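Residue-level listing of the chains:
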Protein chains: 2
Amino acid sequence: MTTTITTSPSCVRAALAVPPNVRLSDLDPSATPCFPGTGPQDAAQLTTQLSKELGTWQEKLYAGSKAKPTPPQRMLVVLQGMDTAGKSGVVRHVFGLVDPQGVKIHAFKQPTEEELAHDFLWRIEKQVPPAGYIGIFDRSQYEDVLVVRVDELVPPSQWEPRFEQINQFEASLVDSGVTIIKFFLHISPDEQKARLLGRLNNPNKYWKYSPGDIPVRSKWAEYMAAYEDVLNRCNQDIAPWYAIPSNNKWYRNWAIANILLDHLRQMNPAYPGPSFDVDEQITAVENSL
Amino acid sequence: MTTTITTSPSCVRAALAVPPNVRLSDLDPSATPCFPGTGPQDAAQLTTQLSKELGTWQEKLYAGSKAKPTPPQRMLVVLQGMDTAGKSGVVRHVFGLVDPQGVKIHAFKQPTEEELAHDFLWRIEKQVPPAGYIGIFDRSQYEDVLVVRVDELVPPSQWEPRFEQINQFEASLVDSGVTIIKFFLHISPDEQKARLLGRLNNPNKYWKYSPGDIPVRSKWAEYMAAYEDVLNRCNQDIAPWYAIPSNNKWYRNWAIANILLDHLRQMNPAYPGPSFDVDEQITAVENSL
């Protein structure tokens, strides 16, 4: 590839923003919109090229928090998708590009007894990132209208109101300075099959496989219906969903890096000014010891 | 540089292990023992070369925890040093080489009122990494025999017993499966002056500067005496201290990556075997959907 290839984060963002009344069957999980290269190697190189700017924005976001702005700026990234869709891969390959000190990752597992004894947002709220941080939710509040619904863990009368509760929760976070970005990693059932077999055919990957993945896989249609409701009912402008075609891991990572970059540019955090007299401190340092 | 240059993690580890009865004035913070290259560019390249092996060990450590070994294996890295010595730089440049999902970073700040109402190890214990993780302490239990001692925040009768309490605490962690590695980032007062002025002369770095750094700097000798006590009294074989010459950031990062690698090789974590019948699961996946 030539070095003149440029990417347009805003193109990716616009192309992958979930439209109103989306039907997942209309979205191609192998699509590669806005991608300017020809394949995996270009994607890896293009993604790496973004890392410097991503790193600078992350540092500015962190540094800016020292000035204690009101409300405190921070970012929350939600990752959802079927098993093997690549939630962990995104954390590793995209968020691994920035300083780990500025990132807080939380993987939500099956709720504990203590968590179940509270409302479903109780454990979520505790993990919201503080000022200056990029928080990443590997699974999230949305599990409570996905697996909980598909497996009928609570009756519809209980999960139905949650769409609106989530919208209100997210709106309240946005009011308190959180920029929310939500990614649905979209893969096909065939791609999932290939990835599950890949894990079973490589002893170094057994640890990533769980027999419990099969009963979930067998309810693919129910999950897609539940995801469609999520994408249609919880897609506020202030907390948008992106559907990332994820059959190609290289496109998935590149696309998310671009959308992240576009949102950081829009947030536009800045290094804070000095909270001290600079010349005075220079003299003090020079005269010290 | 040629590609034939190889590094020896065990050489670095042996060279930088703190000897008995160490005197910091005998250690050169600009030294570069075992470094096979000729400067910063070689160091960056050599450090990057280590990242693949580091990443594999980190993944094995994480994967291994799925087999629930007793005791649960994990690693705790303690970073200590004067202001500007590079604790954050190490986290970014060395631990940024591995999957952020396998790393838990905690920066200990001035204790809160709640923390002060407990024994000094209370807040430390809460941050000990769980099975499979590499935990990083940016400052640590040692602050309670460093700043606390130098600034006389508690009387000697209270901090004196802490050396032994820390040794017992660390021994107990080791018994419970924690591999402990402790790094003292050793810089000279002149290097600190240059770095502080560097922050004051770059508006993008004002946020890293605090006027409170000067009174600490003015007690350099007292801090070195306190560090010497730490290095001499809390240097158990099971939880060793390394004194890293840190005037050169490139050497510092390269050396720590090597010592980390040597300890991971020694831990020797392994991918766990399957907790299921592999052939049965392959059939189940192939027949699903």
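Please read these numbers as outputs of a predicted model, since none were measured by experiment.

**Description of helix 1 (residues 9-16) of chain A**
Residues and elements named next belong to chain A.
Part 1: What helix 1 keeps buried is the set Pro9, Val12, Arg13 and Leu16. Buried residues of helix 1, seen end-on, are gathered within an arc of 100 degrees and therefore sit on one face of the element.
Part 2: Looking at the buried residues of helix 1, the elements they touch are strand 5 (241-245) and helix 12 (249-267).

**What to know about the packing of helix 2 (residues 40-64) of chain B against helix 12 (residues 249-267) of chain B**
Residues and elements named next belong to chain B.
Part 1: Two numbers describe how helix 2 lies on helix 12: the axes approach to 9 Å, and their chain directions differ by 25 degrees. In this view, helix 2 runs roughly parallel relative to helix 12, as classed from their interaxial angle. Here the hand of the crossing between helix 2 and helix 12 comes out left-handed. On helix 12, the residues touching Pro40, Ala43, Leu46, Thr47, Leu50, Glu53, Leu54, Trp57 and Leu61 of helix 2 are Trp250, Asn253, Trp254, Ala257, Asn258, Leu260, Leu261, Leu264, Arg265 and Met267.
Part 2: Its residues assigned to classes, the contact of helix 2 with helix 12 shows 14 nonpolar, 3 polar and 2 charged.

**Some remarks on the state of the cysteines**
Residues and elements named next belong to chain A.
Part 1: Under the definition given, this model contains 2 disulfides over all chains.
Part 2: Here cysteine 11 is linked by a disulfide to cysteine 34, with a sulfur-sulfur distance of 2.0 Å. Handedness here is read from the sign of the S-S torsion; for cysteine 11 and cysteine 34, about -80 degrees, the answer is left-handed. On the criterion of sequence distance, the pair formed by cysteine 11 in helix 1 and cysteine 34 in the loop between helix 1 and helix 2 (40-64) is long-range, its members being 23 residues apart.
Part 3: Here cysteine 11 falls in the partly exposed class, since its relative accessible area comes to 33%.
Part 4: For cysteine 34, a relative accessible area of 25% puts it in the partly exposed group.

**Describing the relation of the copies chain B and chain A**
Part 1: Superposing chain B onto chain A requires a rotation of 180 degrees together with a translation of 0.0 Å along the rotation axis, leaving an RMSD of 0.0 Å. Each copy turns onto its partner about a two-fold axis. If distances are taken from each C-alpha of chain B to the rotation axis, the shortest is found for B:Pro100, at 3.1 Å.
Part 2: The fraction of interface residues of chain B whose copies in chain A are also interface residues reaches 98%, indicating that both copies meet through the same surface.

**Observations concerning the confidence of the model for chain A**
Part 1: On average, residues of chain A score 96 in pLDDT, and 98% of them reach the 70 mark or higher.
Part 2: Overall fold confidence for the complex sits at a pTM of 0.95, while the interface term, ipTM, reaches 0.93.

**A few points about the interface of chain B and chain A**
Part 1: Between chain B and chain A, the residue contacts involve 44 residues of the former and 43 residues of the latter.
Part 2: Both faces combined, the contact of chain B with chain A buries some 4200 Å², and carbon together with sulfur accounts for 69% of it.
Part 3: Summed over the shared surface of chain B and chain A, the result is 4 salt bridges.
Part 4: As a salt-bridge pair, B:Glu59 and A:Arg92 come within 3.2 Å of each other at their nearest N and O atoms.

About the criteria used
Residues numbered from 1 in each chain as written. Chains lettered and ligands numbered in written order. Predicted model: local features only at pLDDT ≥ 70, side-chain atom pairs only at ≥ 80, totals over all residues. Heavy atoms only, no water. Buried < 20%, exposed > 50% of the residue type's maximum accessible area, 1.4 Å probe, protein only. Helix = DSSP H or I, 4+ residues; strand = E, 2+ residues; numbered from the N terminus. Arc of directions from axis to C-beta. Contact = heavy atoms within 4.5 Å. Axes fitted to C-alpha atoms, helices over the stretch in contact; angles between N-to-C directions. Parallel < 35°, antiparallel > 145°, perpendicular 65-115°, else oblique. Left-handed = near helix turned anticlockwise from the far one by under 90°. Nonpolar A, V, L, I, M, F, W, Y, C, P; charged D, E, K, R; others polar. Disulfide = S-S within 2.5 Å. Least-squares fit on C-alpha atoms with pLDDT ≥ 70 in both. pLDDT = per-residue confidence, 0-100. Buried area = accessible area lost by both parts, 1.4 Å probe. Salt bridge = Lys/Arg side-chain N within 4 Å of Asp/Glu carboxyl O.

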